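Fold and contact review
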Amino acid sequence: MQLKTILTTAAMALGLATTAMAQDPTKVGFVYVGPVGDGGWTYEHNQARLAVEEEFGDKVETVFVESVPEGPDAERVMTQMALDGADLIFTTSFGYMDPTINVAKKFPDVKFEHATGYKRADNVSTYGARFYEGRAVQGHIAGSMTESNTVGYIGSYPIPEVIRGINSAFIHARKVNPDVEFKIVWAYTWFDPAKEADAAKVLIEQGADVILQHTDSTAPHAAAQNAGGVITFGQASDMAEYKPKPRVSSIIDNWAPYYIERTRAVMEGTWESTDTWDGIGAGMVEIGEITDAVPEDVKAEALALKDRIGSGEYHPFTGPINKQDGSEWLAEGETAEDGTLLGMDFYVEGITGKIPQ
Amino acid sequence: MDFGSISPVLLLASLMVAATPLLLAATGELVVERSGVLNLGVEGMMITGAICGFATAVNTGSPLLGMAAAAGGGAALSLLFALLTQFALANQVASGLSLTLFGLGLSALMGQGYQGIKPPPFPELHIPILSDLPFVGGVLFSHDPMVYLGLLICAAIWAMLKYSRAGLILRAVGENHDAAHALGYNVVLIRICAIMFGGACAGLGGAYISLIRVPQWTEGMTAGIGWIALALVVFASWKPERVLLGAYLFGGVTVIQLNLQAAGVAIPVEYLAMSPYLITILVLVIMSADRSRAPGSLGRPFHASS
């Protein structure tokens, strides 16, 4: 696929050279952490890329490189994109944070957009989605539907985004089911179907009948389907092929409006370094169809919860909430500040186990 | 901490499943390297086998045909490597690496349209009497046929290398191809056969992941197991019995570390996550303290005129 991308780029470069210089299309680059066919995180970013192409037609040209490891390779890929004349580059994984900043320093005229990070510069914006809002809805369904009172959670890396999701899901599962326990397994990968399947199997063997995942492949769903009697949730993408069971709902990332808006800003010269963090309200986080495997009343409650979060009436982190060690984090009625959420490195009270350091 | 939630039967049973793709790929690569060829394309052949097997199983409805197609696909791809290295005398390292890149791209292309499809289930092998034994039956005799095929292939290779004339010839070609040539053996033909056998085994290993272990098709789903198989062959000092040990150790520690995590053991997760790699390498390095070494002609090109 990389070869294909290179060939496409070469073909486009040739095409550009021969057709006049009159209207230079805006060139937008995308760096993906997984393959575009992962059915999850990268798939959705690529859908948004296609939406950008559809919106602007000839006026935009997009290139992408998939399965780029987080590290020095990423820097090389971004540098190459910038050298090839990209005007705007989206780097779509947390681990690209430092590479993005490094490359951005070398190319002050190129605009960069880094997903889910917190380091910005004059030509580097960050953007992310409040997945934890969707996790609250999942936690509610998970807590209501578990019969073994054991919820398995497959984490990728112990970074704030993942920890936030665990906390949000746990808080809302406990609200409807005070006996629920979370078993958390860290896979140390975003994408490795075999390992994710193993992790899901282990959790199921140890009694979990609900599997939440913060990894990108659909392998845990396949494992749950084989085990029977286990429910799962689509992560990043709808993962609709596992409907109506085991997948009973999902969190969908919808990046298209943001990507279109930012590309337009570059075209019109109004691009500025910003920090965007949108959730259900702005449509960046969507809740996929809740299937009939979920009892009517639970479904209604979940949708009501989603609406309250979307309208801003309710914040998933509303006190009283204690930290794991029992110390007070949020007082009655207090809501969490974005700063604390962005750097979240602690579990809330009730979760067992330690966060790997 | 809750050790009670770990079931030893399930643990040992899933150990055998986790080890099988690695065992298949590593056994194949062992034969290739014993013939004096270094094929770094294991990952590419595995993933190609994974999609060939998956596509065939879905279209024909027969997982066994899928497995056969996977072996065929892996062998076909390895034939490309054989042509490059045995006739064009291309550099084996570079050819192997490009085989991996090519295999990953090719499989992604072939896999278009197969995402999210459920493959036909593999027939459960029920061995009379043995499967019903308490404990042992659950651990050893309740698997899909591929687990046993992997063991069988490994044992057959061990016996072939140790006791048979064919094994002697293979080793002669790998240790000193000039001498083997002088004795009248067709070095190139023997190596091509070994390479294709390695490709077929890698393909089976890949299809085991896409048809049984996961089971679904996702791009890049072998996620580095081919590379671990390569390393395993070296650390096992090119001996099939140690490959078996290494594969089971690696599979076992992988499964155990996930179980320990889920049970909430107070060992830092980072150590648990790296433990399969560390323990496997450590054990095999300690075992290879004897005078075992790489085949003498490993990685060297051969031409009858030289």
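Just so it is clear, the model here is predicted, and its values are computed rather than measured.

**Focus: the sheet that holds strand S3 (residues 88-91) of chain A**
Hydrogen bonds along the backbone pair up the strands of a sheet, which may run parallel or antiparallel. Residues and elements named next belong to chain A. Ordered by their spatial adjacency, six strands build an open sheet running S2-S1-S3-S4-S5-S11, and the pairing between neighbours is parallel. The sheet is open, and its two borders are formed by strand S2 (60-65) and strand S11 (275-278), each paired with just one other strand. For this sheet, the mean angle separating the axes of adjacent strands, direction not counted, is 15°. Of the strands in this sheet, strand S1 (26-31), S2 and S3 touch helix H3 (residues 72-83), which is tilted by about 170° from S1.

**Here's the deal with the interface of chain A and chain B**
The accessible area lost on association of the parts is a frequent measure of interface size. Each partner contributes to the interface: chain A provides 34 residues, whereas chain B provides 31 residues. In total, about 2700 Å² of surface goes out of reach between chain A and chain B, with carbon and sulfur atoms giving 54% of it. Taken together, the links from chain A to chain B amount to one salt bridge. One salt bridge in this structure joins Arg213 of chain B and Asp198 of chain A, with 2.3 Å as the shortest N-O distance. Our count for the contact surface shared by chain A and chain B stands at five residue pairs in polar contact (both at pLDDT 80 or more). Broken down by secondary-structure element, the contributors of at least two residues to the side of chain A that touches chain B are strand S7 (181-186), helix H7 (193-205) and helix H8 (219-227) of chain A. At ten residues, H7 of chain A tops the list of elements feeding residues into the side of chain A that touches chain B.

**Describing the packing of helix H2 (residues 42-60) of chain B against helix H4 (residues 92-110) of chain B**
All names here are of chain B. Running from N to C, H2 and H4 point in directions that differ by 15°, and their axes come no closer than 7 Å. Taken together, H2 and H4 sit at an angle that is classed as roughly parallel. For the element pair H2 and H4, the recorded crossing hand is left-handed. Contacts between H2 and H4 pair Val42, Glu43, Gly44, Met45, Ile47, Thr48, Ile51 and Cys52 from the former with Leu99, Thr100, Gly103, Leu104, Leu106, Ser107 and Met110 from the latter.

**Some details on the nonpolar core**
Ranked by size, the top nonpolar core spans 99 residues in total, and within it Ile141, Ile166, Phe182, Trp255, Tyr259, Phe317 and Trp329 of chain A carry the most contacts. The residue makeup of this core includes at least three contributed by each of domain 1 (3-129) and domain 2 (132-252 + 286-342) of chain A. In this structure, Tyr259 of chain A is in contact with Phe30, His45, Ala48, Arg49, Val52, Phe90, Thr92 and Tyr127 of chain A, ignoring residues within four places of it in sequence. If you look at the next biggest cluster of nonpolar residues, it comprises 78 residues, including Met45, Val147, Ile209 and Ala247 of chain B.

**What about the confidence of the model for chain B?**
Per-residue confidence for chain B averages 88 on the pLDDT scale, and 96% of its residues sit at or above 70. We note a pTM of 0.79 for the whole complex and an ipTM of 0.74 for its interfaces.

**Examining the environment of Val139 of chain B**
Residues and elements named next belong to chain B. Following the sequence through the fold, Val139 ends up in helix H5 (residues 136-140). For Val139, a relative accessible area of 7% corresponds to the buried category. Separated by 50 residues in sequence, Val139 and Leu189 place their C-alpha atoms 41 Å apart.

**Some words on helix H4 (residues 97-106) of chain A**
When we look at burial in H4 of chain A, the residues that qualify are Met97, Pro99, Thr100, Ile101, Val103 and Ala104 of chain A. Buried residues along H4 of chain A sit against H3, S3, strand S4 (111-115) and strand S5 (124-129) of chain A.

**Notes on the pairing of strand S8 (residues 210-213) of chain A**
Residue and element names in this part refer to chain A. Taking every second residue as pointing to the same face, both faces of S8 are buried, with Val210 and Leu212 on one and Ile211 and Gln213 on the other. Here four bridges tie strand S6 (residues 150-155) to S8, and the two strands are oriented parallel to one another. Paired with Val151 across the strands is Val210, a residue of S8. Two elements, S8 and strand S9 (residues 231-234), share two bridges in a ladder whose sense is parallel. Counted as the bridge partner of Ile211 is Thr232 from S9. The parallel pair S8 and S9 is bridged by H8, and the resulting crossover is right-handed.

**Points about a negative patch on the surface**
All names here are of chain A. Taken together, the side chains of Asp292, Glu296, Asp297 and Glu301 make up a negatively charged region of the molecular surface. Here Glu296 lies in helix H10 (residues 296-310). Judged by its relative accessible area of 58%, Glu296 falls in the exposed class.

**Concerning the domain arrangement of chain A**
All names here are of chain A. One can read the domain layout of chain A as domain 1 (3-129) and domain 2 (132-252 + 286-342). The straight-line distance from the C-alpha centre of domain 1 to that of domain 2 is 31 Å. Taken together, the twelve residues of domain 1 in the interface contact twelve residues of domain 2. Across the interface of domain 1 and domain 2, roughly 960 Å² is buried in total on both sides, 61% from carbon and sulfur atoms.

Calculation notes
- Residues numbered from 1 in each chain as written.
- Chains lettered and ligands numbered in written order.
- Predicted model: local features only at pLDDT ≥ 70, side-chain atom pairs only at ≥ 80, totals over all residues.
- Heavy atoms only, no water.
- Pairing = 2+ DSSP bridges.
- Helix = DSSP H or I, 4+ residues; strand = E, 2+ residues; numbered from the N terminus.
- Axes fitted to C-alpha atoms, helices over the stretch in contact; angles between N-to-C directions.
- Contact = heavy atoms within 4.5 Å.
- Buried area = accessible area lost by both parts, 1.4 Å probe.
- Salt bridge = Lys/Arg side-chain N within 4 Å of Asp/Glu carboxyl O.
- Polar contact = N/O pair within 3.5 Å; in protein donor to acceptor, adjacent residues only side chain to side chain.
- Parallel < 35°, antiparallel > 145°, perpendicular 65-115°, else oblique.
- Left-handed = near helix turned anticlockwise from the far one by under 90°.
- Core = buried A, V, L, I, M, F, W, Y, C linked by side-chain atoms within 4.5 Å.
- Buried < 20%, exposed > 50% of the residue type's maximum accessible area, 1.4 Å probe, protein only.
- Domains from an automatic or database assignment.
- pLDDT = per-residue confidence, 0-100.
- Right-handed = clockwise from strand over helix to strand, strands pointing away.
- Patch = residues over 30% accessible without salt bridge, like charges linked within 9 Å, V, L, I, M, F, W, Y side chains within 5 Å.
- Areas by Shrake-Rupley, 256 points an atom, 1.4 Å probe, with all protein chains shown as cover.
- Lys, Arg positive; Asp, Glu negative; His and termini not counted.
- Charge placed at Lys NZ, Arg CZ, Asp CG, Glu CD.

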